[in-house]
Amino acid sequence: MNHGPLIAAGAFVSLACSWAALVMAPQVQLGSLAPAPIPNTSDVHPANRPGLAAQGAEVYRSLGCYQCHTRQVRQDALLYGARLVDRGSNASTINLELPGSGRTNLVNFNLLIALAKSRADLGITPVAVPAVLAADTNVAPVLKEFAAELKLLKQFDNKAQIVRSTSKTVNDLAATLPVEVLERTGPDEAERAVKLINDAGGKAELVIYNLGPDIERGWGARRSVARDFVNDSPVLLGSLRAGPDLACLGSRAPEKFAAPWKFASTNLASEMEQRLLIHLYNPRLVAPASTCPSAKYLFATKQPEQRFAGEPLQVPGSDKPVYPRHDARALVAYLLDQRLDVGLPEAPVTKPSVPAKIAAAPAKP
Amino acid sequence: MTAPQTSPPAACATAPSAVAAEASCRLPVLFFAFSSATWLLFGAVLALLSSIQLYQPTFMEGCPWVTYGRLRPAAVNSLVYGFALQAAFGLALWLIARLGRVELTNPLGLFIAGKFWNLAVTVGVIGILAGDATGFDLLEFPLYAALPLFASYACIGAWALITLKARTERTLYVSLWFVLASLLWFPWILSSAQGLLLGWRVPGVVQAIVAGWFGNNLLQVVLIGMALAVMFYFVPKVVARPLHSQSLAQNGFWLLLLIGGWTGLSQLSAVPAWIPAVSGAANVLLVVPVVVLTYNLYRTADGGIAEAWKRSGVFRFVTVAVVLLLLVTLRNAVFGIGPGARYTQFTYFAGARTDIMVLGVFGLAALGALHYIVPRLTVAQDELPSEGLVDLAFWASVVGVVSVAIGYSFAGLTQAAVGAMADRNFLGEAVTGVAGHLKLVTFGYGAIGIGALAFLVNFALALRRCCAACCGGVR
């Protein structure tokens with residue numbers, strides 16, 4: 001160890017190893033990452049920022065907002081579920097109402113079996129079919145098949161020592177649509193349920209559960225991934241949450257803000273913009289406990305020349321309007337551009353469950 | 001004996017005396033010592049002001065130049081580039097001259113390069129305050145400051161290496177391994193990071209990864225390496241014993257270089273999961289070299305610690321720095337991998353690592369060393385003129401560093417607990433609820449500033465005595 005060049009060479013090799021692993025390898029892996037198309041649209045995510053928002057990114061960097069705010073939503077777990085959206089109709093679907101009564105009460109017998117196979121905890125009750133119907137030449141084979149399937153299911157249950165509930169049944173489950181057949185399970189189980197239901201003529205979709213405190217807080221529908229930042233330069237991820245995460249500010253629900261609120265009118269975008277401008281002007285007007293510094297210097301108190309003026313901002317508690325400068329508008333445009341509601345191949349999302357519609361005529365056992 | 005003093009006098013007839021070697025250091029090393037302490041004071045004041053803004057948002061509100069988002073990076077970069085790296089250059093030059101028994105090559109050139117370095121740091125800090133920060137942690141200086149910075153380092157580093165090459169004491173003592181590694185490591189990481197981030201602009205989150213890699217290497221290898229160089233020089237020297245084991249030091253050195261460059265990225269979230277995982281594993285592995293190195297120092301001093309603590313101001317600084325190094329490495333090992341890293345991610349707890357390493361481990365070791373070097377170069381004594389100010393500088397710095405570390409850590413743990421539970425009030429508990437801890441941080445920065453001020457006053461006293469001695473001689 002008395003030779004300087006030896007130590008220099010050793011240091012170079014050590015550094016080269018760490019460089020290859022933590023600089024070159026990420027570049028090889030992520031360097032060619034491109035925005036991903038959003039299914040069923042011609043858009044991509046992340047989209048190129050419009051000019052004003054791109055200028056806002058510079059304001060965000062310049063004022064050092066990234067010192068207190070991260071733009072990285074984390075999640076703890078990714079779980080799956082299956083949602084039944086349509087019972088469907090096929091050869092095994094029978095109208096339980098008497099012909100000529102004018103009413104319909106369709107029961108898809110295959111679907112009931114499929115649901116019972118997906119949910120081992122729920123019972124299944126044989127469907128009471130009016131005697132008149134049971135004799136029908138179309139219905140009789142279906143009922144026979146159903147009975148055979150039930151028998152097979154019973155045998156399987158006994159073998160696998162599955163005890164099904166008697167109070168809760170799949171018949172009840174299928175009564176309202178849409179309904180979560182499986183919630184928060186592994187991908188294999190959920191996919192099997194979806195396949196069983198679809199094979200039975202029903203219609204099911206895979207549900208994705210992104211779980212974690214960040215997502216529960218409404219800071220984003222999913223975790224942030226590398227692809228979300230391919231259009232950013234510099235990439236301002238942030239490393240400290242002295243304030244809330246901003247990764248999804250533009251698509252966040254109003255009740256999920258640090259100071260929750262409700263839209264007063266229906267003009268959503270401009271109202272959100274107004275609110276963010278007031279927050280920039282004085283954060284304490286929006287959230288009294290906020291420790292965010294005010295950016296009053298982004299606002300003019302005197303009306304600027306008409307063609308630069310833009311809409312004046314009415315600040316609560318003051319009768320004089322202020323005029324947001326270009327930088328303020330740009331910063332707000334940038335913040336509103338933050339979204340995480342779009343699924344990516346590596347970070348999928350599903351649409352939130354729509355409130356249950358009242359089914360036309362629930363299948364009564 | 002492997003202690004720094006060794007050198008068979010007959011071995012090199014041309015070797016300059018220790019006095020001549022030190023005399024050649026006077027101009028550049030004193031300049032680096034003075035300006036680094038000044039930047040420490042300045043950086044501590046900026047950090048203090050910005051920490052007040054965390055719980056008192058109306059403090060210095062309304063001017064974009066001093067908003068938290070600019071003040072904080074200005075403070076951190078002043079501390080890292082103004083104080084830490086500059087102190088490191090001074091220490092490196094002095095250690096090379098002293099241990100290599102050689103006169104510095106081109107002291108005037110080093111002084112001028114140092115001037116340019118200071119100019120570049122000043123321009124960079126003003127650039128950050130003006131809003132030109134690049135947005136990358138520890139690399140916030142805009143390009144117009146970063147390039148001169150690199151150019152002036154190229155001169156400093158080159159002359160330091162030329163001096164090392166010209167050494168008359170051919171045995172490379174442990175401290176010089178660390179000095180050499182740090183001197184080479186720094187330009188490599190700086191040029192890599194600046195080239196990839198400010199020049200070529202790698203796409204997407206690779207930028208964040210490269211910036212994290214740079215910042216970690218700067219702290220973990222360059223600054224910790226320099227701190228270890230100081231520790232390995234002063235511990236055997238003060239207790240007047242040979243180093244316990246050369247081979248342990250060698251193993252520790254190589255393991256630190258091999259592992260140190262991989263740590264510190266476990267705080268990234270929106271990146272492929274293998275990166276934080278690999279980095280977290282390195283955080284744990286790093287315990288091995290650090291324990292090996294500190295154990296070596298402990299065995300060297302064992303038995304003489306209490307006596308040396310009483311007798312030597314330098315030893316006190318260095319001892320606390322060694323303890324902090326061990327603690328911060330263990331802290332990283334526990335909270336730098338897996339669930340621990342995730343729990344403290346995005347909190348003050350994780351961010352405090354920079355403060356503890358720059359101000360605590362490196363800062364205390366460097367301040368201690370300067371307390372030994374400055375009097376030797378000015379008044380040719382081992383102690384600065386005012387003993388009271390030495391004590392003040394020591395206790396203020398230690399209390400300051402410990403307050404900052406504890407304040408940030410507890411604030412961070414509070415934040416982490418709130419962050420892990422979605423039903424807890426983020427604004428009320430994690431933002432305004434940590435004000436008490438952050439006040440401790442403010443106090444800590446104040447104390448560090450007082451420590452720096454005490455050193456500067458002592459420095460000025462020594463200079464005055466030096467000048468008086470010179471002028472008295474003329475008369």
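Note that the coordinates shown come from a computational prediction; the quantities given were computed from them, not determined experimentally.

Caption draft 1: Highlighting the overall build of chain A. When helices and strands are counted, chain A shows 12 helices and 9 strands. Since a compact globule built from 365 residues should have a radius of gyration of about 21 Å, the 29 Å found for chain A marks it as more spread out than a globular shape. A principal-axis box enclosing the C-alpha atoms of chain A has dimensions of 85 × 75 × 40 Å. Of all 365 residues assigned to chain A, the portion counted as buried reaches 48%. Intrachain contacts of chain A at a sequence separation of at least 6 include 73% that bridge at least 24 residues. Entry remark: accessible area of chain A is about 18300 Å², with carbon and sulfur atoms responsible for 57%. Treating the 39 positive side-chain charges of chain A as one cloud and the 33 negative ones as another, the clouds have centres 3 Å apart.

Caption draft 2: Examining helix H5 (residues 174-199) of chain B more closely. Residues and elements named next belong to chain B. The end-to-end C-alpha distance of H5 is 37 Å, a good match for the 38 Å that 26 residues give at a rise of 1.5 Å each. The element H5 is extensively covered by neighbouring structure, given that 21 of its 26 residues are classed as buried. Downstream of H5 by one or two residues, Arg201 has phi in the positive range, about 60°.

Caption draft 3: Representation of the pairing of strand S6 (residues 179-185) of chain A within the structure. Residue and element names in this part refer to chain A. A large share of S6 lies buried, amounting to 5 of its 7 residues. Two elements, strand S3 (residues 77-86) and S6, share 4 bridges in a ladder whose sense is antiparallel. When the sheet's bridge partners are listed, Ala82 is paired in S6 with Leu182.

Caption draft 4: Spatial organisation of the interface of chain B and chain A. Listed by partner, the interface residues are 77 residues for chain B and 69 residues for chain A. Contact between chain B and chain A buries roughly 6100 Å² in total, counting both sides, with carbon and sulfur atoms accounting for 65%. Counting across the chain B and chain A interface gives 2 salt bridges. Note that Arg284 of chain A is salt-bridged to Glu61 of chain B, the shortest N-O span being 2.6 Å. Counting across the chain B and chain A interface gives 26 residue pairs in polar contact (both at pLDDT 80 or more). Where the side of chain B that touches chain A is concerned, the elements lending two or more residues are helix H1 (18-55), helix H2 (68-99), H5, helix H6 (206-239), helix H7 (246-260), helix H8 (274-285), helix H14 (387-419) and helix H15 (426-431) of chain B. With 8 residues, H5 of chain B is the largest single contributor of residues to the side of chain B that touches chain A.

Caption draft 5: Inspection of the state of the cysteines at higher detail. Following the criterion strictly, the structure yields 0 disulfides over all chains and no others. Take Cys248 of chain A: it sits in no disulfide, and the sulfur closest to it among the cysteines is that of Cys65 of chain A, at 18 Å. Not engaged in a disulfide, the cysteine Cys63 of chain B finds its nearest cysteine sulfur in Cys65 of chain A; these two sulfurs lie 15 Å apart. For Cys63 of chain B, a relative accessible area of 33% puts it in the partly exposed group.

Caption draft 6: Geometry of the packing of helix H13 (residues 348-378) of chain B against H14 of chain B. Residue and element names in this part refer to chain B. Their axes nearest at 8 Å, the elements H13 and H14 cross at an angle of 170°. Put simply, H13 runs roughly antiparallel to H14. Of the residues contributing to the contact of H13 with H14, the split by class is 16 nonpolar, 6 polar and 1 charged.

Caption draft 7: Just the domain arrangement of chain A, in detail. Per the domain assignment, the segments making up chain A are domain 1 (43-75 + 214-336) and domain 2 (78-211). Measuring from the centre of the C-alpha atoms in domain 1 of chain A to the corresponding centre in domain 2 of chain A gives 48 Å.

Caption draft 8: Region of interest: empty space enclosed by the protein. Within this structure, the stated rule accounts for 10 cavities of 30 Å³ or more. Each pocket or cavity is described by its volume, and for the largest cavity that value is around 1000 Å³. Surrounding the largest cavity, 46 residues form its lining, Ser239 of chain A together with Asp137, Ala350, Gly351 and Thr354 of chain B being those nearest its centre. If you list the elements that add at least two residues to the lining of the largest cavity, you get H2, H6, helix H11 (313-335) and H13 of chain B. No other element matches H13 of chain B, which puts 8 residues into the lining of the largest cavity. Class assignment of the residues belonging to the lining of the largest cavity gives a composition of 22 nonpolar, 18 polar and 6 charged. Here the second largest cavity is characterised by a volume of approximately 790 Å³. Along the wall of the second largest cavity there are 45 residues; nearest its centre are His69, Pro244, His279, Ser290 and Cys292 of chain A. Counting only elements with at least two residues in the lining of the second largest cavity, the list comes to helix H9 (268-281) and helix H12 (326-336) of chain A together with H1, H2 and H15 of chain B. Counting residues per element, the lining of the second largest cavity draws most heavily on H9 of chain A, which supplies 5 residues. Of the residues in the lining of the second largest cavity, the class split is 31 nonpolar, 12 polar and 2 charged.

Caption draft 9: Focus on the environment of Glu58 of chain A. Within the element layout of this structure, Glu58 of chain A appears in helix H2 (residues 51-62). A polar atom in the side chain of Glu58 of chain A sits 2.9 Å from the side chain of Arg61 of chain A.

Caption draft 10: Quick look at the confidence of the model for chain A. Residue and element names in this part refer to chain A. The pLDDT averaged across chain A works out to 87; a share of 95% of its residues lies at or above 70. Within chain A, helix H1 (residues 4-30) carries the highest mean pLDDT (95), whereas helix H11 (residues 306-309) carries the lowest (66). Predicted confidence is poor over residues 353-365, with pLDDT under 50, and the contacts of this stretch with residues over four places away or in other chains come to 25 contacts.

Caption draft 11: Seen up close, the layout of surface pockets. There is about 510 Å³ of room inside the second largest pocket. The class makeup of the residues in the lining of the second largest pocket is 13 nonpolar, 8 polar and 4 charged.

Caption draft 12: Structural view of the side chain of Asn296 of chain B. Residues and elements named next belong to chain B. Tracing the sequence through the fold places Asn296 in helix H9 (residues 287-301). Within polar-contact distance, the side chain of Asn296 engages the backbone oxygen of Ser245 at 2.9 Å. If near-sequence neighbours (up to four positions away) are discounted, Asn296 is found in contact with Phe232, Leu243, His244, Ser245, Leu248 and Ala249.

Caption draft 13: View of the sheet that holds S3 of chain A. Residue and element names in this part refer to chain A. If you trace the 3 strands from one edge of the open sheet to the other, you get S6-S3-S7, paired in antiparallel fashion. The strands lining the two open edges of the sheet, one partner per strand, are S6 and strand S7 (203-211). Each strand axis lies, on average, 20° off the axis of its neighbour in the sheet, ignoring direction. Where S3 lies against S7, 9 bridges are found, and the strand directions are antiparallel. In the sheet register, Ala77 faces S7, and the bridge partner there is Leu211.

Caption draft 14: Fine view of the packing of aromatic side chains. Residue and element names in this part refer to chain B. According to the stated counting rule, one finds 34 aromatic pairs over all chains in the structure shown. Seen from their ring centres, Phe32 and Phe89 are 5.9 Å apart, and the 75° between their planes marks the pair as edge-to-face. Here the residue Phe32 occupies a position in helix H1, and Phe89 occupies one in helix H2, the gap between them amounting to 57 residues. Accessibility expressed as a relative area gives 0% for Phe32, which makes it buried. On the numbers, 6.4 Å between centres and 70° between planes, the contact of Tyr408 with Tyr445 is edge-to-face. Highlighted residues: Tyr408 in helix H14 and Tyr445 in helix H16 (residues 435-474), separated in sequence by 37 residues. Owing to a relative accessible area of 4%, Tyr408 belongs among the buried residues under this scheme.

Caption draft 15: Local environment of unusual backbone geometry. The step from His45 of chain A to Pro46 of chain A runs through a cis peptide bond, and the omega angle for that step is -5°. Ser233 of chain A connects to Pro234 of chain A through a cis peptide bond whose omega is 0°. If you trace the backbone, Pro234 of chain A turns up in the loop between helix H8 (213-216) and H9. Within the chain, Arg184 of chain A stands out as a residue other than glycine whose phi angle is a positive 50°. Looking at the secondary structure, you find Arg184 of chain A in strand S6. Positive phi, close to 55°, is recorded for Ala240 of chain B, a residue that is not glycine. Among the structural elements, Ala240 of chain B can be located in the loop between H6 and H7. A residue is classified by how much of its surface remains accessible, and Ala240 of chain B, at 59% relative accessible area, is exposed.

Analysis parameters
- Residues numbered from 1 in each chain as written.
- Chains lettered and ligands numbered in written order.
- Predicted model: local features only at pLDDT ≥ 70, side-chain atom pairs only at ≥ 80, totals over all residues.
- Heavy atoms only, no water.
- Helix = DSSP H or I, 4+ residues; strand = E, 2+ residues; numbered from the N terminus.
- Rg over C-alpha atoms; globule rule 2.2 N^0.38 Å.
- Buried < 20%, exposed > 50% of the residue type's maximum accessible area, 1.4 Å probe, protein only.
- Contact = heavy atoms within 4.5 Å.
- Areas by Shrake-Rupley, 256 points an atom, 1.4 Å probe, with all protein chains shown as cover.
- Lys, Arg positive; Asp, Glu negative; His and termini not counted.
- Charge placed at Lys NZ, Arg CZ, Asp CG, Glu CD.
- Expected span 1.5 Å × (residues − 1).
- Pairing = 2+ DSSP bridges.
- Buried area = accessible area lost by both parts, 1.4 Å probe.
- Salt bridge = Lys/Arg side-chain N within 4 Å of Asp/Glu carboxyl O.
- Polar contact = N/O pair within 3.5 Å; in protein donor to acceptor, adjacent residues only side chain to side chain.
- Disulfide = S-S within 2.5 Å.
- Axes fitted to C-alpha atoms, helices over the stretch in contact; angles between N-to-C directions.
- Parallel < 35°, antiparallel > 145°, perpendicular 65-115°, else oblique.
- Nonpolar A, V, L, I, M, F, W, Y, C, P; charged D, E, K, R; others polar.
- Domains from an automatic or database assignment.
- 1 Å grid on protein atoms, 1.4 Å probe; cavity = no way out; pocket = protein on both sides within 12 Å on 5 of 7 lines; lining within 4 Å.
- Points joined across faces, edges and corners; volume = space filled by probe spheres on them.
- pLDDT = per-residue confidence, 0-100.
- Phe/Tyr/Trp six-rings, centres within 6.5 Å; stacked < 30°, edge-to-face > 60°.

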